[in-house]
Structures are given as structure tokens and as C-alpha cells.
Amino acid sequence: MVEVQLNPVDKLQSFRYQALGDKVAVTTADSFPVLITQLNTLDYLEVRSRGADLELWQEGQRIATCSSVLFWGNDADPRFKLHLKRGKLPVRTYPGHLRVRPGGRSLALVNEVHLEDYIRCVIHAEAGHHRSLDFFKVQALSARTYALRNLNRHRDHGYDLCSSTHCQAYRGEYRSDELINAAVRETRNEVIVHEGQDLIEAVFSANCGGFTANSEDVWIANVEYLRARPDYDFCEGFHNHAWHLTLPKLDVLAKLGRYLEVEATRFEIVPDVSGRVRRVHVNGDPKLTVSGEELRRLFRLKSARFHIYDAQSLLFIEGTGFGHGVGMCQDGAYYLSELGWDYQRILRHYYQSISILQITNDAISNFQ
């Protein structure tokens, strides 16, 4: 089981749980659980936050007050729906079980889900718009490898992974997709390792803009298998490839100055081998530096792979790519799958000196 923190809407104070399986046991979520009630298929139960407690309501009646609650589906394929009062998706479907605790500004929801079900949902969220079996296999191995490598990332917070892009996008929306199901089934237990032993950090971006980036040029660590390499025209022509932006020059200088707490009068760009902005020196001082990734986030740019044309009062920015650019390029990987490349060849194109390893269920259990 993987424990994933859910954050479907900000400041969630109440929701309705709907059982989709045969039987759902509703208990307290503590060391000595107490049975509160049982739900049959399509039954509803509302959870409301009340300070340090939770209130459970059913058919207009409060049936319990407790400090935590666990919804545990007893059938072979447990699934449930969350009915929310607001949000882009007011109804969301998830596989597995649900644990709920009060969380101050927002209820704390944790989805306990089987690893392979989690992988299917991640593929839906991260790459469901592409339709290719080998591309989905690429995503399956990337998602599985990333999940197993990072299972303890949020252990201090009481769960394994979060549902945002800080870990991997996970929005439930669990529906049958035969192509994704086949990709996960046919690559079951397969992971990506470096030099035959260590799980890699299987990072990726939506579109590399024609050239992937070295890990140390975007972040800090020099990772042997995350090397910059040309992607040729593999990702060209996709929606996220080319972009442009016009910004007032004084606004850019003012924002850089506030960020560095100085008066910024000029800046110089230092590029990396991939054509991205590696760093920006402000006022000609190497000590006043903003990294390309910081610059991308500061100005909400699609990528750090761009050129600036200075027109006195305006800066014309022309760029390519969407995301940090390290590791796999999703649009490029999809294009290669359409050319007939299989998923292992695609992975070896984007990650250097790697192997595909099928690990045992016992080994997966050790990670968990």
C-alpha cells in the first residue's frame, strides 16, 4: 500500500464519502479501532470538521463524533467517491481506502492505495492526453520508480507521497482505460535502475524545448544519468513547445531587485549547454545571482530555455519548452513511441547508463 495525501480543494472543511464497493467498514483510525458503522454500495456519509474533532452525518442525523475516521473497503477492488461543494472537479473517484483527521485550516485526507492502482492514476493525471501504449509504459516505469524511491518523502507528516507535482500529480479520476491498464499490467514490477542497483530519480518535464538539461544546471547535484542531450525535433510542434512573452524592463529589474534585496540596474545571462538560462548576474556582481530555475518561477515562465531581446523599455522573450527540462521529455517520448520506438529504447534515450529491472513483490514490500 502507498499512502497518498489528498488535497482536492483548499481549506476543505466537509465532504461526502460515497461507497462504491460491496461493504465499507467505518472505524476510528487509531491503534484500537472502534467500528462506527458500515456502508453498502452507493451509501453516503458526510464528514464535517469541528475544531479538534470530526462529526459524521448520515441522512441528516449525526451518528458519531471522533478524532479520526477510516473508511476501509472490504471487497477485492475498493473504490470510493468524494463529493465536494466546490472545486474544478466537485466529484472525484479514488481506488483504495481513506483515512481522515482534523487538520486545522483543512481536513487531512490520506488515500491508502495499492501501488499499481496509484500508478494508473498518476498516468491519467500526468500524461492521459497522449494515446500510445509504449508511451504509457514509459510513464508507468517512471511513476513506479519515482514512487518507490521517494516513499519516505513525507513520512514525518504521516503519509508517503503528496498528490501535487511536488511528488507526482494524483487526482484519482479512476476510470477504466484499457491502454493505460495494459501498459501498467505489461510492465508490472519493472523499475529503472542506474548501474544495475539504485533506483533512479525518474524526473521528467512536459516539453524540453529541443534539448534536455544537466541536473546540476537546474538544481545542485550532478547526477550521472541526468545529462543534457539534444532532442532534435522530437518535441517540436506540440502545444507546449514554443512560447513568447513581453515584459516592461523596469518591472523585471524591480522584481529582481526585490528578490535579491538590492537596487537592480542591469543583468547578464549566463547560459548552459542546453541553451537554458543557467544563472543571471545582477549589476555585474557574481554574488548577486539568480538561477535559471529561480528566474522561471519568479516570472512564471514556461521554461528557462529562452532568449531576451532588449528593446529599451521592453524585453521581448522567446522561449521553447515547458518545465525544468531535466530527464524525460514527455512530448518527445510520445513522438518517439509514434515512430515505433519501444519503451525501453525511449527510456535509454533520456536516462543514461540505466537498466530496466523487474523486481519481486517481496522487494517492493521492503520499500513500503
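Residues numbered from 1 in each chain as written. Predicted model: local features only at pLDDT ≥ 70, side-chain atom pairs only at ≥ 80, totals over all residues. Heavy atoms only, no water.

Undergrad: Hey, could you run me through the sheet that holds strand S2 (residues 14-19) in this one?
TA: Note: strands within a sheet are paired through backbone hydrogen bonds, in either parallel or antiparallel orientation. Strand order in this open sheet of six strands is S7-S6-S5-S2-S9-S10, and the pairing throughout is antiparallel. Each edge of the open sheet is held by one strand with a lone partner, namely strand S7 (61-66) and strand S10 (91-95). Here the average twist between neighbouring strands, direction ignored, is 25°. Note: S2 against strand S9 (residues 79-83), four bridges, orientation antiparallel. Note that in S9 the partner of Ala19 across the bridge is Phe80. (Pairing = 2+ DSSP bridges. Helix = DSSP H or I, 4+ residues; strand = E, 2+ residues; numbered from the N terminus. Axes fitted to C-alpha atoms, helices over the stretch in contact; angles between N-to-C directions.)

Undergrad: Would you mind going over helix H5 (residues 249-260) with me for this structure?
TA: Given 3.6 residues per helical turn, the α-helix brings residues three or four places apart onto the same face. Taking 1.5 Å of rise per residue, 12 residues should cover 16 Å, and H5 covers 17 Å from first to last C-alpha, within 8% of that figure. Within the sequence span of H5, burial applies to Val252, Leu253, Leu256 and Gly257. Take H5 and look down its axis: the buried residues cluster within an arc of 130°, on one side only. H5 presents Leu250 and Arg258 as exposed residues on the side facing more than 90 degrees away from its buried surface. Against strand S17 (242-248), strand S18 (267-271), strand S19 (277-282), strand S20 (285-291), helix H6 (292-298) and strand S22 (314-320) lie the buried residues of H5. Residue Glu261 follows H5 closely and has a positive phi angle near 60°. (Expected span 1.5 Å × (residues − 1). Buried < 20%, exposed > 50% of the residue type's maximum accessible area, 1.4 Å probe, protein only. Arc of directions from axis to C-beta. Contact = heavy atoms within 4.5 Å.)

Undergrad: Would you take a moment to explain the packing of helix H2 (residues 133-149) against helix H8 (residues 343-350) for this structure?
TA: A pair of packed helices is characterised by two quantities: the angle between their axes and the separation of those axes. Contact geometry of H2 with H8 gives a least axis separation of 8 Å together with a crossing angle of 55°. On the basis of their axis angle, the class for H2 and H8 is oblique. The interaxial crossing formed by H2 with H8 has right-handed handedness. Contact residues: Asp134, Lys137, Val138, Leu141 and Ser142 in H2; Tyr343, Ile346 and Leu347 in H8. Looking at the contact of H2 with H8 residue by residue, the class counts come to five nonpolar, one polar and two charged. (Parallel < 35°, antiparallel > 145°, perpendicular 65-115°, else oblique. Left-handed = near helix turned anticlockwise from the far one by under 90°. Nonpolar A, V, L, I, M, F, W, Y, C, P; charged D, E, K, R; others polar.)

Undergrad: Can you help me understand the packing of aromatic side chains in this one?
TA: The description of an aromatic ring pair rests on the distance of the ring centres and on the angle between the ring planes. Summed over all chains, the structure comprises 12 aromatic pairs. A ring pair is formed by Phe135 and Phe136, whose centres lie 6.1 Å apart and whose planes are at 45°; its orientation type is tilted. Of the two residues, Phe135 and Phe136, both sit in the buried class. Taking 6.0 Å as the distance between ring centres and 85° as the angle between the ring planes, the aromatic pair formed by Phe135 and Tyr334 counts as edge-to-face. In this pair, Phe135 sits in helix H2 while Tyr334 sits in helix H7 (residues 330-339), placing the two residues 199 residues apart along the sequence. Each member of the pair Phe135 and Tyr334 is classed as buried. Through pairs of rings, three or more aromatic residues link up here, namely Tyr17, Phe71, Phe80, Tyr94, Tyr118 and Tyr170. The ring of Trp57 has Arg48 lying over it, and the distance from NZ or CZ to the ring centre is 4.0 Å. We note Lys255 situated over the ring of Phe299; from NZ or CZ to the ring centre the distance is 5.3 Å. (Phe/Tyr/Trp six-rings, centres within 6.5 Å; stacked < 30°, edge-to-face > 60°. Lys NZ or Arg CZ within 6 Å of the ring centre and 35° of its normal.)

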